[in-house]
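As a plain string of letters, each chain reads:
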Amino acid sequence: MFARHCIQVGLCLQVLLPSVLQAQETDPGQVSVVVSPTHHNWDFLYCGIENPLEVAVPGVDCAALNISVSQGTGKGSGCSYSVTPSSTGALLFLTVKWEQHGKMYSASREFWVRPLPLPVPFYAGVCYSDTVIGISDVKAGAGVFAKYVAQRLDDMGYQYERPEMKHYRVSIVRDCTTVFSGESRAGSLPTEIKEALQQVQINDVVEISDIRIVERGELQALAGIRVKVK
């Protein structure tokens, strides 16, 4: 069962570690173990989510490999596994054991564990404040959603619990005066806010503030978005 929360136990550092490991109790020139993340070549794992890994031992059938994990949990079989670290800033050790020619061998790979940075709120394709956006894009926006952008988790095929949007406020400012303010408790725009956004004018400013999400069971506040309509 995967850990849902991460315990901050220290500063996280990134180091370069070899992905090819020499096995114990054997001639180092004969057997090497390859342990690598499936979707990237980083030397760290993210805390609290499944990190896919590939494990291989040349000349050994994948079904003969046994995997164990410290500082987290893992699942999988053969050469494909996923590991969920339970604490950040600590070393996670993944140990591979197998039998070959009547002998037992083992090797371990170390990973630093990083906290997963907060996701970024989006509206109409915009995630940064002080952005100029076309009036048609403002009117076409469907809602405010949070995504893990910098980490590209979706692009790399990670499986994780999507952040749930719990609250945000949309304000329309015209000539330094707030002409509309409404709130939503879901990602999609409620009717009141939709109708107000259909009335925006060029040079209006749309502010999305007080953004709160539930991420892996915890309530989190995100930075707001402020865009100017052109």
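Here the structure is shown first, and the text comes after it.
Residues numbered from 1 in each chain as written. Predicted model: local features only at pLDDT ≥ 70, side-chain atom pairs only at ≥ 80, totals over all residues. Heavy atoms only, no water.

Draft legend 1. Broad picture of the overall build of the protein. A tally of helices and strands in the protein yields two helices and 19 strands. Once local pairs closer than 6 in sequence are excluded, the contacts in the protein between residues at least 24 apart make up 64%. (Helix = DSSP H or I, 4+ residues; strand = E, 2+ residues; numbered from the N terminus. Contact = heavy atoms within 4.5 Å.)

Draft legend 2. Examining the environment of Glu-195 more closely. Tracing the backbone through its elements, the reader meets Glu-195 in helix α2 (residues 191–197). On a C-alpha basis, the gap between Glu-195 and Lys-139 in space is 9.0 Å, while along the polypeptide they are 56 residues apart.

Draft legend 3. Structural detail: the packing of aromatic side chains. Per the stated rule, a full pass over the model turns up two aromatic pairs. Taking the centre distance of 5.5 Å and the plane angle of 75° together, the rings of Phe-44 and Tyr-46 count as edge-to-face. For the residue pair Phe-44 and Tyr-46, the accessibility class agrees, reading buried in each case. Note on Trp-98 and Tyr-105: the rings are 5.9 Å apart at their centroids and 35° apart in plane angle, and the pair reads as tilted. Positioned above the aromatic ring of Phe-44, the side-chain terminus of Arg-114 is 4.0 Å from the ring centre. (Phe/Tyr/Trp six-rings, centres within 6.5 Å; stacked < 30°, edge-to-face > 60°. Buried < 20%, exposed > 50% of the residue type's maximum accessible area, 1.4 Å probe, protein only. Lys NZ or Arg CZ within 6 Å of the ring centre and 35° of its normal.)

Draft legend 4. Layout of the pattern of salt bridges. Throughout the structure, instances matching the rule amount to eight salt bridges. Put simply, Arg-174 and Asp-204 hold a salt bridge, and the shortest N to O gap is 2.8 Å. One end of the pair, Arg-174, is in strand β15 (residues 164–174); the other, Asp-204, is in the loop between α2 and β17 (205–215), and 30 residues separate them in sequence. Among the ionic contacts, a cluster of salt bridges with common partners joins Asp-130, Glu-207 and Arg-226. (Salt bridge = Lys/Arg side-chain N within 4 Å of Asp/Glu carboxyl O.)

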